Amino acid sequence: MSALAEKQEAGVAVVTGGTRGIGAAIADALRADGWTVVTIGRTSGDVQADVGSPEDVARAVEEIHEKFGKVLVLVNNAGITRDGLALRMTDSDWGDVVDTNLSGAFGFTRGVMGDMLRARWGRIVNVSSIVATRAQAGQANYIASKAGLLGLTGALAKEIGKRGVTVNAITPGFIETDMTAELDTDKLVEFIPAGRVGKPEEVAAAVRFLCSAEAGYINGATLSVDGGMGA
Amino acid sequence: MADLTEEGVLQRVRDELEAIKVPGAENAELDTTWEELDVDSLDLVELIKALEDEYQIVISDDELKPVETVGDAVKLTLKLAGTTA
């Protein structure tokens, strides 16, 4: 049995926001690699939870452990936007985005990292965004949350790297999803060396690699999947 | 809940240290220090969390500071769980 197959026998992969867009593609890619994938969605998915609610996250973690067992791969992908200029941004628009995108990732990570520590093996991938390092107007909440994920990634890599658990981030650029459907793609493409927006599957391929056995020495890294936009 | 006696909690600590793969965990005695077991801060946090869950207690950072041996952890657990050994 391969090293990865042994892990796949011992635990499952959890993908938050795994029912749509990039998350669904990540779930498919991990399944193709042999993982049993547990998707977390607000109203669909294998386990339902509002990732922005600490109580919901705690309950979801419990449900995952009861129904599916130990978690050896966690992809913190759930994310929402509530765009607007900071001057008019309400506390709830700020809070909802930070709670879901950043605090939710922390809650899931804290809930399942014990499984990985004991297995002396684990993979955590935080789905950040190109805007974490290349800010733009109108998304203070989203950008702060996604930049926070990069900080969280580094801190966790330092804390648990000695146990064979890696924590990495990916920063997708503009990817074809519901979240970017309303954007003017023709205008955007001017700034993307690849000359096109990305596909969810292209982000998923990067996540799959970071979750593989071969990626064991990559820890605390940020991998851009943006067609060269952030270069 | 595991046996709430000195021997019971000691065994629980050994089992827990073994679960987090601390070498020599099965031979740990009350006077064994974390240093002797090569238990690092992450190991200790895992152990404490497991004891909190098992005995339904809360161990504060202040209470944790002076805990340097297996016996210190056992005594603290018994104290917080409302039993004196």
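Values in this document were obtained by computation on a predicted structure and should not be read as measured data. (Residues numbered from 1 in each chain as written. Chains lettered and ligands numbered in written order. Predicted model: local features only at pLDDT ≥ 70, side-chain atom pairs only at ≥ 80, totals over all residues. Heavy atoms only, no water.)

Looking only at helices and strands, chain A has 7 helices and 7 strands in total. When the elements of chain A are put in sequence order from the N terminus, they spell out α-β-α-β-β-α-β-α-β-α-β-α-α-β. Compactness check: chain A gives a C-alpha radius of gyration of 17 Å against a globular reference of 17 Å for 231 residues, within 12% of the reference. In terms of overall dimensions, chain A has a C-alpha envelope of 50 × 35 × 30 Å along the principal axes. (Helix = DSSP H or I, 4+ residues; strand = E, 2+ residues; numbered from the N terminus. Rg over C-alpha atoms; globule rule 2.2 N^0.38 Å.)

For the rest of this paragraph, the subject is the interface of chain A and chain B. Each partner contributes to the interface: chain A provides 7 residues, whereas chain B provides 9 residues. When chain A packs against chain B, close to 730 Å² is buried across both sides, 39% of that on carbon and sulfur atoms. If you sort the residues of chain A by the area they bury against chain B, Arg118, Arg120 and Arg163 of chain A come out on top, with a joint share of 71%. Connecting chain A to chain B are 6 salt bridges. (Contact = heavy atoms within 4.5 Å. Buried area = accessible area lost by both parts, 1.4 Å probe. Salt bridge = Lys/Arg side-chain N within 4 Å of Asp/Glu carboxyl O.)

Under the feature "domain: Ketoreductase" (unreviewed entry), the UniProt entry names residues 11-173 of chain A. Along residues 11-173 of chain A the backbone is 47% helical and 20% strand, and the end-to-end C-alpha distance reaches 31 Å. (UniProt positions renumbered as here; feature names shortened; annotations may be inferred.)

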